[in-house]
2 protein chains.
Amino acid sequence: MTDAGETIGSMMDRIGREAVAAAALLARAPREAKDRALLAAAAALRCRAGEILAANGRDLEGARAAGLSTAMLDRLALDERRLEGIARGMEDIADLPDPVGTVIAEWTRPNGLRIQRVRVPLGVIGIIYESRPNVTADAGGLCLKSGNAAILRGGSESVNSSRAIHACLEEGLEAAGLPVTAIQLVPTADREAVGYLLKGMADYVDVIVPRGGKSLIERVQQDARVPVIGHLEGNCHVYVDGAADLNMAREIVLNAKLRRTGVCGAAETLLVDRACATTHLAPIVRALLDAGCEVRGDAAARATDPRVLAATEEDWRTEYLDAVIAARVVDGVDEAISHIARYGSAHTESIVTEDAAAAERFLQNVDSAIVLHNASTQFADGAEFGMGAEIGISTDRFHARGPVGVEQLTSYKYVVRGAGQVRPG
Amino acid sequence: MTDAGETIGSMMDRIGREAVAAAALLARAPREAKDRALLAAAAALRCRAGEILAANGRDLEGARAAGLSTAMLDRLALDERRLEGIARGMEDIADLPDPVGTVIAEWTRPNGLRIQRVRVPLGVIGIIYESRPNVTADAGGLCLKSGNAAILRGGSESVNSSRAIHACLEEGLEAAGLPVTAIQLVPTADREAVGYLLKGMADYVDVIVPRGGKSLIERVQQDARVPVIGHLEGNCHVYVDGAADLNMAREIVLNAKLRRTGVCGAAETLLVDRACATTHLAPIVRALLDAGCEVRGDAAARATDPRVLAATEEDWRTEYLDAVIAARVVDGVDEAISHIARYGSAHTESIVTEDAAAAERFLQNVDSAIVLHNASTQFADGAEFGMGAEIGISTDRFHARGPVGVEQLTSYKYVVRGAGQVRPG
């Protein structure tokens, strides 16, 4: 191991120890203190806007020099409006109910023991993300509200922006009398730090949440020695059943695909029941094409319009995150279910139908985090679910599935009250 | 890689694929089919008692020849009574409510979307356990009831007993028309199979549940590339507060330590408030000694009786699982809390006191899976909590904490019903 490696190791060790100490204090912090910190951080984000935008300018300069793609530059860039959105986000998190201390369930045993299941924080959460400066605030805020200490490790291209935003979070914590170590930002762009967070800090870190593209999340899931809340791809489907209302189907497909193409809840494959292919397929495909969407289809879809390209096997597996959709005809709800089981990513799928039995069959048998009937897949979002801000949509089955908000960042404990009971036998 | 390795690899691969296929069927199996399988398995366990006991005899012979300890031989040994207990256990699991399909929460959004959070199975659960033949039936039964496929890997010394019991589970599945591959037993004692289960089957296995001693669980947590529900040690504490009723405290301490010494909820350390040390310490320590318990104490505890041995630093960290207890005086509830934070294993702790404020302080600030007031730590048990049979007590914070019963072996999905809603903006 190099000298530099040893330095990073001992630095990460210190960060871990400080996070554990902060987590113990944060677990007992009253709602008022946490909300005060969030509101003070929002105020600081507005106050220090000039500073933050200047730091972001330095990041953008470096990123352009490094030849980052336009899409990556766009995710990195901040302006007054985006910064106001980040500040507003902190206020929205303050408005959420405090999950910590909530009694999830309670019951009394025949022997008189009163048992409560009570929400408690998870402890220390490591967040590994790409160069999106807003995640520094969102993730830090969600961890704080849920009583967890956060260790943030952002992308190296956003290091100046993240530091400037992080300083506002520290200012908020300080104003509320909470430990500033409750939200720590790993102060180095060295990738070795990520290795430590994933593998070397199991004594300190309770959960890792990766936020970013598939390769980041796969690396984290591969290397982590602590639990991970993963957010893999959303290869989402809309199935238009034989009994679908054509207008509703067309509106839902257009919205599911095109409202925003870069979000994980965007539809990537359209499945149309053979029973309505002659009536529904052509109008939906043409509406997509006319709206500027590329369509890659099977023979039936290609027959509807010369602009439809031929789909390959790979298309059924692809999360385009772009104005592209794969389209094919299936033999009813059962073939739709089996297509989704074979090619889907168990994220979000929707059936459009007026047939209640077909809808129930689909909702029950499609094994995805979110299944919808007569609604757009773009509703796959914590805020749209009424859960407030989210840190992502989990495609894992363990611990948290679907939108991950403050509740999903908690654990629980059992509180048992007795009157001297001992266990017989 | 050796030829033998390749053979085990392809065998484990087949087991994994079959488990995934079975899990898909089991997830949709109605309660009646699962319960019929459990009851038929119970009947087969009674019918085939002779066969099972003969197989167990062969295991015991081998284990004696291999020089296993008396405690290990006892855990391995079956007799008519124990076998009846195992069969009864399957019937108890059948009696539990089916968690699958339960609506955990439901709400309607302002836009009319109706959202339900519905329990679904986790998928495929790998169980790695030591040579306790009863785990084959218990774990298999709990996985089946919760709609999960199970891959069981028992200790090598119990291979004949496990096979004989597993045959009864298969008979039950067959009688109910469920796939026999829903509960598979890894048919080799080769340790390489464990390595595959932990590291090579992430595409098939959703969760690993280790059941056994600390070294097994640590190995599993170290090596697993899939989520683990861990059950580490129970270094449980009873704190006798200054305001404790002496008789209640003595009864609770005796029960917590001695009802059964080998269970994870057994108390291992006694903490007595300095405020009542002169009145409470001596009678409680003497009651323990008189009941045959070895006491290792600090100076104050040693002063109560010449039979008390001197405790070392190591004693505060030790889970004896035997008739031994460490005992010391602390300065009130806060020092009790910090002693537990420093030395405890976050499993189960109890405070005995008539002071409601001290009790609440303890219950809130002790960060353990189970915290009790005026009750024995031996209540740390799924059945005592009213949750039915359990697969263990999780000391993890992630996914499941405390007793792990059928509910804790599930995930959930969101079912959303609309009327054509699309997402604006």
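Here the residue numbering is sequential within each chain, running from 1 through the sequence in written order. Here chains are named by letter from A upward and ligands by number from 1 upward, in the order in which they appear as written. Where local features are concerned, this predicted model is filtered to residues with pLDDT of at least 70; where side-chain atom pairs are given and counted, the filter is 80 or more; whole-chain, interface and lining totals use all residues.

Caption draft 1: Representation of the overall build of chain A. Within chain A, the regular secondary structure consists of 15 helices and 16 strands. Viewed in the frame of its principal axes, chain A has a C-alpha envelope of about 70 × 65 × 45 Å. Exposure in this text rests on C-beta crowding, where 20 or more other C-beta atoms within 10 Å of a residue's own make it buried, 12 or fewer make it exposed, and counts in between make it partly exposed. The C-beta atoms are placed from the backbone. Going through the 425 residues of chain A one by one, you find that 56% of them count as buried. Expressed as a percentage of contacts within chain A between residues at least 6 apart in sequence, the contacts between residues at least 24 apart total 72%. Labels follow the DSSP assignment, with helices taken as runs of H or I lasting at least four residues and strands as runs of E lasting at least two, numbered in each case from the N terminus. With C-beta atoms placed from the backbone, a contact is any residue pair whose C-beta atoms sit within 7 Å.

Caption draft 2: How the structure looks around the domain arrangement of chain A. An automatic or database domain assignment supplies the residue ranges for each domain. By the assigned domains, chain A splits into domain 1 (3–230 + 403–415) and domain 2 (236–379). Using C-alpha coordinates to define each centre, domain 1 of chain A is positioned 36 Å away from domain 2 of chain A.

Caption draft 3: Representation of the relation of the copies chain B and chain A in the model. The copies are overlaid by a least-squares fit using only the C-alpha atoms of residues whose pLDDT is at least 70 in both copies. The two copies are related by a screw motion: chain B maps onto chain A through a turn of 180° and a shift of 0.0 Å along the axis, at an RMSD of 0.1 Å. Accordingly, the operation relating the two chain copies is best matched by a two-fold axis. Closest to the rotation axis within chain B is the C-alpha of His399(B), separated from it by 1.9 Å. Same-surface contact between copies: 100% of interface residues of chain B are shared with the interface of chain A.

Caption draft 4: Representation of the sheet that holds strand 16 (residues 410–421) of chain A. A pair of strands is treated as paired once DSSP finds two or more bridges between them. Spatially, 1(A)-2(A)-16(A)-13(B)-12(B)-7(B)-8(B)-11(B)-9(B)-10(B) is the arrangement adopted by the 10 strands of the open sheet, whose pairing is mixed. Looking at which strands have only one partner, the edges of the open sheet turn out to be strand 1 (103–108) of chain A together with strand 10 (309–310) of chain B. As defined by bridge partners, strand 12 (residues 348–352) of chain B adjoins strand 13 (residues 370–375) of chain B across 4 bridges and the pair is classed as parallel. When the bridges of strand 13 of chain B are listed, Ser350(B) appears paired with Leu372(B). Helix axes are fitted only over the stretch in contact, all axes being lines through C-alpha atoms; the angle between N-to-C directions runs from 0 to 180 degrees. Sheet strands in contact with helix 10 (residues 246–258) of chain B are strand 16 of chain A together with strand 7 (236–240), strand 8 (267–273), strand 11 (324–330), strand 12 and strand 13 of chain B, and its direction is about 165° off that of strand 12 of chain B. Most of the contacts of helix 15 (residues 356–365) of chain B go to strand 13 of chain B, to which it runs at about 160°, and overall it touches strand 16 of chain A together with strand 7, strand 12 and strand 13 of chain B.

Caption draft 5: Quick look at the sheet that holds strand 3 (residues 124–129) of chain B. Residue and element names in this part refer to chain B. A sheet is described by the order of its strands in space; here 4 strands give the open sequence 5-4-3-6, paired in parallel fashion. Strands at the two margins of the open sheet, each flanked by one partner only, are strand 5 (183–185) and strand 6 (207–211). The sheet shows a mean angle of 20° between the axes of neighbouring strands, direction not considered. Taken together, the 5 bridges between strand 3 and strand 4 (residues 149–153) define a ladder with parallel strand orientation.

Caption draft 6: Structural detail: the confidence of the model for chain A. On average, residues of chain A carry a pLDDT of 95, and 99% of them reach 70 or more. Here the prediction assigns the complex a pTM of 0.93, and the interface score ipTM is 0.94. A score from 0 to 100, pLDDT tells how confident the predictor is in each residue.

Caption draft 7: Examining the pairing of strand 13 (residues 370–375) of chain A more closely. Counting buried positions along strand 13 of chain A gives 6 out of 6 residues, so the element sits mostly inside the fold. Looking down the strands as they point away from you, a crossover is right-handed if its path from the first strand over the helix to the second goes clockwise. Crossover connection from strand 12 (residues 348–352) of chain A via helix 15 (residues 356–365) of chain A to parallel strand 13 of chain A: handedness right-handed.

Caption draft 8: Representation of the packing of helix 2 (residues 31–47) of chain B against helix 6 (residues 133–145) of chain B. All names here are of chain B. Close contact between helix 2 and helix 6 brings their axes to 9 Å; oriented N to C, the two are set at 160°. What the angle tells us is that helix 2 and helix 6 run roughly antiparallel. The two elements helix 2 and helix 6 cross, and the hand of that crossing is right-handed. Of the residues in helix 6, those touching helix 2 at Lys 34, Ala 37, Leu 38 and Leu 45 are Ala 137, Gly 141, Leu 144 and Lys 145. Under the scheme applied, nonpolar residues are Ala, Val, Leu, Ile, Met, Phe, Trp, Tyr, Cys and Pro; charged residues are Asp, Glu, Lys and Arg; polar residues are all the others, including Gly. The residue makeup of the contact of helix 2 with helix 6, split by class, is 5 nonpolar, 1 polar and 2 charged. Any angle between 65 and 115 degrees counts as roughly perpendicular, while under 35 counts as roughly parallel, over 145 as roughly antiparallel, and the rest as oblique. By convention the crossing between two helices is left-handed if the near helix lies anticlockwise of the far one by an angle smaller than a right angle, and right-handed if it lies clockwise.

Caption draft 9: Structural detail: the environment of Gly230(A). Residues and elements named next belong to chain A. Counting through the fold element by element, Gly 230 comes out in the loop between helix 9 (214–223) and strand 7 (236–240). Through-space distance from the C-alpha of Gly 230 to that of Ile 393 is 8.2 Å; in sequence the pair is 163 residues apart. The contacts of Gly 230, once residues within four sequence positions are left out, are Pro 210, Ile 217, Gln 221, Ser 394, Thr 395 and Asp 396.

Caption draft 10: The interface of chain B and chain A, seen in detail. Tallying the contact residues gives 49 residues for chain B and 49 residues for chain A. Top element by residues in the side of chain B that touches chain A is strand 16 (residues 410–421) of chain B. It accounts for 11 residues. Each residue belonging to the side of chain B that touches chain A can be placed in one class, and the counts come to 23 nonpolar, 15 polar and 11 charged. Inspection of the sheet shows strand 16 of chain A paired to strand 13 of chain B by 5 bridges, in the parallel sense. Along strand 13 of chain B, the bridge assignment pairs Arg417(A) with His373(B).

Caption draft 11: Representation of helix 5 (residues 80–95) of chain A. Residues and elements named next belong to chain A. Over its 16 residues, helix 5 runs 23 Å from end to end, which matches the ideal 22 Å to within 8%, given 1.5 Å per residue. Inspection of helix 5 places Leu 83, Ile 86, Ala 87, Met 90, Ile 93 and Ala 94 among the buried residues, and these make up the whole buried set. Projection of helix 5 onto a plane perpendicular to its axis shows the buried side chains occupying an angular sector of 115°, all on one side. Structurally, helix 5 contributes buried residues whose contacts are with helix 2 (31–47), helix 3 (49–65) and helix 6 (133–145). Multiply 1.5 Å by the residue count of a helix minus one, and that product is the helix's expected span. Directions are taken from the helix axis to each C-beta atom, and the arc is the one they span.

Caption draft 12: Region of interest: the environment of Ala303(B). Within the element layout of this structure, Ala303(B) appears in the loop between helix 12 (299–302) and strand 10. Along the primary structure Ala303(B) and Thr70(B) are separated by 233 residues, whereas in three dimensions their C-alpha atoms are 35 Å apart.

Caption draft 13: Seen up close, unusual backbone geometry. You will see that His399(A), though not glycine, has its phi angle at about 70°, which is positive. Along the chain, His399(A) turns up in the loop between strand 14 (393–394) and strand 15 (402–403). Not every positive phi belongs to a glycine, and Asn374(B) is a case in point at roughly 55°. With respect to the element layout, Asn374(B) can be found in strand 13. What makes Asn374(B) buried here is the crowd of 23 C-beta atoms within 10 Å.

Caption draft 14: Up close: the pairing of strand 7 of chain B. Residue and element names in this part refer to chain B. Taking burial as the measure, the 5 residues of strand 7 include 5 buried ones, the bulk of the element. By the alternation rule, side chains of strand 7 split into Cys 236, Val 238 and Val 240 and His 237 and Tyr 239, which are all buried. Of the strand pairs in this sheet, strand 7 and strand 8 are connected by 5 bridges, and their pairing is parallel. Within strand 8, the position partnered with Tyr 239 by the bridge is Leu 271. Tracing the backbone out of strand 7, into helix 10 and back to the parallel element strand 8 gives a crossover that is right-handed. Here strand 7 pairs with strand 12 via 4 bridges, running parallel. Looking at the pairing, Tyr 239 lines up with Ile 351 of strand 12.

Caption draft 15: Fine view of helix 14 (residues 332–343) of chain A. Along its 12 residues, helix 14 of chain A runs 17 Å from first to last C-alpha, staying within 8% of the 16 Å computed at 1.5 Å per residue. For helix 14 of chain A, the secondary structure elements touched by its buried residues are strand 7, strand 8 (267–273), strand 11 (324–330), strand 12 and helix 15 of chain A.

Caption draft 16: Looking closely at the environment of Arg250(B). Residues and elements named next belong to chain B. Relative to the helices and strands, Arg 250 is located in helix 10. Judged by the 20 C-beta atoms lying within 10 Å of it, Arg 250 falls in the buried class. Here Arg 250 is in contact with Pro 283, Ile 284 and Ala 287, once residues within four sequence places are set aside.

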